[in-house]
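Here is how the chains run, residue by residue.
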Amino acid sequence: MQVDDALLAKLEKLSFLKISDDKRDEIKGQLSEIVSFVDELSDLNTDGVDDNFAMSDTSTQLREDSVKSSQAVSEDILSHAPNSADNFFIVPKIIE
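Basis of the calculations
Residues numbered from 1 in each chain as written. Predicted model: local features only at pLDDT ≥ 70, side-chain atom pairs only at ≥ 80, totals over all residues. Heavy atoms only, no water. Salt bridge = Lys/Arg side-chain N within 4 Å of Asp/Glu carboxyl O. Buried < 20%, exposed > 50% of the residue type's maximum accessible area, 1.4 Å probe, protein only. Helix = DSSP H or I, 4+ residues; strand = E, 2+ residues; numbered from the N terminus.

1. Describing the pattern of salt bridges
Okay, step 1: Scanning all chains against the criterion turns up 4 salt bridges.
Okay, step 2: With a closest N to O distance of 3.5 Å, K23 and E26 form a salt bridge.
Okay, step 3: Residue classification places K23 among the partly exposed residues on the basis of a relative accessible area of 40%.
Okay, step 4: Using a relative accessible area of 40% as the deciding quantity, one classes E26 as partly exposed.
Okay, step 5: Here K28 and D25 are joined by a salt bridge, their closest N and O atoms 3.5 Å apart. With K28 and D25 both in helix α2 (residues 24–41) and 3 residues apart, this pair spans about one turn of that helix.
Okay, step 6: Because the salt bridges share partners, they merge into one network encompassing D5, D25 and K28.

What follows is the structure, encoded as structure tokens:
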């Protein structure tokens, strides 16, 4: 898959990034390489590979699910947000 100007413009809009004109060709090339690599992964033969395959036979350690909160931590995190209200982040609408 080739990344063209239209797709790059759409990605810019969705990510709220501005790519300078002198970097556009470089970025398109890099994104095309990434997408090509991911496309190659779909060609791998995974027949006979167990769905639960893992590199280790040990299972993930589980912990008790308990709520822990600190008002100071919440306030510190929200203090770095450009816009917040009522302990929530306020973000721009991005759905087209």
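2. Re unusual backbone geometry
Okay, step 1: For F16, which is not a glycine, the phi torsion comes out positive at approximately 55°.
Okay, step 2: In this fold, F16 is placed in the loop between α1 (5–15) and α2.
Okay, step 3: Looking at F16, the relative accessible area reads 56%, which means it is exposed.
Okay, step 4: Positive phi values are uncommon outside glycine, yet D86 reaches one of about 55°.
Okay, step 5: As for its position among the elements, D86 is in the loop between β1 (84–85) and β2 (88–89).

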